[in-house]
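One letter stands for each residue in the lines below.
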Amino acid sequence: MAYAAEPRPWQPFLDRDDAGSRLGLALRRPLDAAMPRDRQPWNGRGRGIGRHGSRSQDHVHDDGAGQRFAPTANALVLGLARGGVPVAAGVARALGLRLGVLVVRKLGVPGSPEVAFGAVASYAGKTAAVHLERTVQELRRHGYGIEELDGVEREERAELARRQALYVRTPQQAVAGRTVLLCDDGLATGATMHAAVSVVREAGAAAVLACVPAAPQAVCADLAAVADRVVCLQPWPNLRAVSEAYLSFGQVGDAEVLARLGGSEPPSDGSGTPKR
């Protein structure tokens, strides 16, 4: 499978800044805007795998079915908060596009919050939730009740609202009729990116690109069914944790998110180390 992958052997990302710079560089090459859902499957050339799953070899798509994506287009880069914001900042800088934030929250399994059974996302007054049905069914078989899982979702929706209020001080950019580049620092289950795609679709985005430095191949394939384009620099056959693709993968805090959205570097703790 090819998803605009970097040439092998893959080099680890130094940190999220490095990942954003490398992802932005890849996206500066000509990319085709995805076709609307009612158009025919990809049949020209174009690196990556589109919604319909056709494989191809390079970045040129010339059947005339869709318009080209270019850095000068009226596109918008949205970072999935929190970890995706530094990556999105690098992409926006490389492409000369406006940066925004999309707040997402993973729905973690009670007792094992690192394992997702879904996600919720919010943008411009709209909210979308995605549940991993096979995971939910497995949890039910192991004795987790619907009330318990619903309780997790209520808590995460409350945190989603808190972060939305903190990060978004002015009305968010309209996405209706625009190409939206959704950026995260990597994918594990793909639940948060799936929720992000859903919420910008609901808001009227014309085309949605899911852009990440690293993710499991299988998750990229699943996302190709909902996003117009999946751009992944390193689609791993087996990626157990996103941190495996990085040399430095510290926590991203609210202060850094706000600094990035304000166009500045993350605040320092006085020793030269950014606050996370």
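Chains are numbered independently. Their residues run from 1 in the order of the written sequence. Residues qualify for local features only when their pLDDT is at least 70, as the model is predicted, and side-chain atom pairs are given and counted only at 80 or more; totals for whole chains, interfaces and linings, by contrast, use all residues. Water and hydrogen atoms were dropped before computing side-chain values, which therefore reflect all heavy atoms in the structure.

**Focus: the state of the cysteines**
Item 1. Only a pair of cysteine sulfur atoms within 2.5 Å qualifies as a disulfide here. Here the structure, examined in full by the defined rule, presents zero disulfides.
Item 2. With no disulfide of its own, Cys183 lies 4.7 Å from the sulfur of Cys211, the closest cysteine sulfur.

**A look at the pairing of strand β4 (residues 98-109)**
Item 1. Working definition: with a 1.4 Å probe on protein chains only, accessible area under 20% of the residue-type maximum means buried, over 50% means exposed, and in between means partly exposed. By the criteria applied, helices consist of DSSP H or I runs no shorter than four residues and strands consist of E runs no shorter than two, each listed in order from the N terminus. The element β4 is largely enclosed, with a buried count of nine among its twelve residues.
Item 2. Between any two strands, pairing holds if DSSP finds at least two bridges. Pairing geometry for strand β3 (residues 76-81) and β4, over six bridges, is parallel. The residue bridging Leu80 from the neighbouring strand is Leu102, located in β4.
Item 3. Linkage of β4 to strand β5 (residues 112-123), two consecutive antiparallel strands, is achieved through a turn of two residues, within which Gly111 is found at a positive phi near 90 degrees.

**Some details on helix α5 (residues 191-202)**
Item 1. Compared with an ideal rise of 1.5 Å per residue, which puts twelve residues at 16 Å, α5 spans 17 Å between its outermost C-alpha atoms and is within 8% of the ideal.
Item 2. Of the positions making up α5, those classed as buried are Ala191, Thr192, Met193, Ala195, Ala196, Val197, Val199 and Val200.
Item 3. Downstream of α5 by one or two residues, Gly204 has phi in the positive range, about 100 degrees. Any helix carries an expected span of 1.5 Å times its number of residues minus one.

**A closer look at helix α2 (residues 84-95)**
Item 1. Between the first and last C-alpha of α2 there are 16 Å, a value that for twelve residues agrees with the 16 Å anticipated at 1.5 Å per step.
Item 2. Burial analysis of α2 places ten of its twelve residues in the buried class, the great majority of the element.
Item 3. Where α2 is concerned, the buried positions are Gly84, Val85, Pro86, Val87, Ala88, Ala89, Gly90, Val91, Ala92 and Leu95.
Item 4. With its phi angle positive at about 70 degrees, Gly96 sits one or two positions after the end of α2.

**Description of the pattern of salt bridges**
Item 1. Within this document, salt bridges are pairs made up of a side-chain nitrogen of Lys or Arg and a carboxyl oxygen of Asp or Glu, the two lying within 4 Å of each other. Taken as a whole, this structure holds 14 salt bridges when the rule is applied.
Item 2. A salt bridge links Glu153 to Arg157; its shortest N-O distance comes to 3.1 Å. One end of the pair is Glu153 and the other is Arg157, both in helix α4 (residues 146-167) and four residues apart, which spans about a single turn.
Item 3. Relative accessible area serves as the criterion here: at 12%, Glu153 is assigned to the buried category.
Item 4. The salt bridge partner of Arg201 is Asp228, with a shortest N-O separation of 3.0 Å. Here the residue Arg201 occupies a position in helix α5, and Asp228 occupies one in the loop between α6 (217-223) and β9 (229-236), the gap between them amounting to 27 residues.
Item 5. Through salt bridges that share partners, Arg82, Glu159, Arg162, Arg163 and Asp254 make up one connected network.

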